[in-house]
Amino acid sequence: MIDSRAELDTSVEIGPGAVIGPKVKVGAHTVVGPYAVIESNTTIGARNHIFQFASIGAEPQDLKFKGEPSVVEIGDDNLIREFSTIHRGTEGGGMVTRIGNHVLAMNYVHIAHDCIIGDYCILANSTELAGHIVFEDHVRAMGGVLIQQFTRMGAYSMLAAGARVELDVPPYAIASGDRARLVGVHEIGLQRAGFSAEKINLIKNAIRKLFFSKLTREEAIKEIAAEYCGVPEVERLIGFIQNSRRGVVGRERE
């Protein structure tokens, strides 16, 4: 069932029983599986595959929502698997929920209102994002992850399976556990992303000094900024910590 106000490229494939609502735009070579619902006010780019029973563009689960014309924006080359839900934005969060490019959302993933998901992110089965969450590029969330609203996941970070995240997770780090704590560096992910051994060692040394030394956070940042001046990866790490509004996860302590 396709609303007359929807705009679909001629190469789009729509499965049986799918519903495409008003003010939906779908780009070239995108596939919408059987019984998927793209409700309204949603723009989807090229070469996406939305699997059966996914729900995109529904009203946000926010009692403050009063029918504003908020939107969902999805880029190119994404996989949205079965029973995933992606809700529109709200007035209090910029009116948009945005998914980047090359994102994999596995079965039963929930992406709530006003979330921003960067490129090349993976959200494994039953990962649940509350509102206003930001994933920078190349974030990995393993199965059963729960993330509190207004938190930020730094680029190339990883959330271990079952993590309950209440604070920001810095770039390159692994967070794990109930009330997630920092447990190390996402070294395998950095290797797969093409980081050199030298760059990975710089990142490991910086995180070790920031989180696992006896220095205060301010002392560690000052030393790292002097030691690694001009190294973009370390500057990104420091900037993320300094700009965190919620605070960042700490290390696991005995």
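The preceding data block contains the structure.
Predicted, not measured: the structure shown is a model, and the values here were computed from it.

Engineer: Even after reading the chapter, I still don't get the sheet that holds strand 12 (residues 85-87), so can you show me in this structure?
Structural biologist: Across the sheet, which stays open at both edges, the eight strands sit in the order 3-6-9-12-15-18-21-24 with parallel pairing between neighbours. Here the strands that pair on one side only, and so sit at the sheet edges, are strand 3 (19-20) and strand 24 (164-165). Alignment of strand 15 (residues 110-111) against strand 18 (residues 128-129), held across two bridges, turns out to be parallel. Each bridged residue has a counterpart across the sheet, and for I111 the counterpart in strand 18 is L129.

Engineer: Explanation requested: the state of the cysteines in the structure shown.
Structural biologist: By definition, a disulfide is the covalent link that joins the sulfur atoms of two cysteine residues. Applying the stated criterion to the full structure yields zero disulfides. Take C115: it sits in no disulfide, and the sulfur closest to it among the cysteines is that of C121, at 12 Å. Judged by relative accessible area, C121 falls into the buried class, the value being 0%.

Engineer: So what exactly am I meant to see when it comes to the packing of aromatic side chains here?
Structural biologist: We describe a pair of aromatic rings using the distance from one ring centre to the other and the angle between the two ring planes. Per the stated rule, a full pass over the model turns up six aromatic pairs. For the pair Y156 and F195, a centre-to-centre distance of 4.9 Å together with 80° between the ring planes defines the contact as edge-to-face. A residue pair is termed long-range when its members are at least 10 positions apart, and Y156 in the loop between strand 22 (152-153) and strand 23 (158-159) and F195 in the loop between helix 1 (187-192) and helix 2 (197-211) qualify at 39 residues. For Y156, a relative accessible area of 15% puts it in the buried group. Each residue in the set Y35, F53, F83 and Y108 is aromatic and connected to the rest through ring pairs, giving one cluster.

Engineer: I would appreciate a short explanation of the nonpolar core in the present structure.
Structural biologist: In globular proteins that are soluble, nonpolar side chains generally tend to be buried together. Membership of the largest hydrophobic core comes to 67 residues, with the highest contact counts inside it found for I50, I117, L123, F135, I147, L159 and V165. Mapped by element, the contributors of at least two residues to this core are strand 4 (24-26), strand 10 (71-74), strand 25 (173-176), strand 26 (181-185), helix 2, helix 3 (217-227) and helix 4 (232-242). No other element matches the seven residues that helix 2 contributes to this core. Once you skip the residues sitting within four places of it in the chain, I147 turns out to touch E128, L129, A130, I133, F135, M153, L159 and V165.

Criteria and thresholds
- Residues numbered from 1 in each chain as written.
- Predicted model: local features only at pLDDT ≥ 70, side-chain atom pairs only at ≥ 80, totals over all residues.
- Heavy atoms only, no water.
- Pairing = 2+ DSSP bridges.
- Helix = DSSP H or I, 4+ residues; strand = E, 2+ residues; numbered from the N terminus.
- Disulfide = S-S within 2.5 Å.
- Buried < 20%, exposed > 50% of the residue type's maximum accessible area, 1.4 Å probe, protein only.
- Phe/Tyr/Trp six-rings, centres within 6.5 Å; stacked < 30°, edge-to-face > 60°.
- Core = buried A, V, L, I, M, F, W, Y, C linked by side-chain atoms within 4.5 Å.
- Contact = heavy atoms within 4.5 Å.

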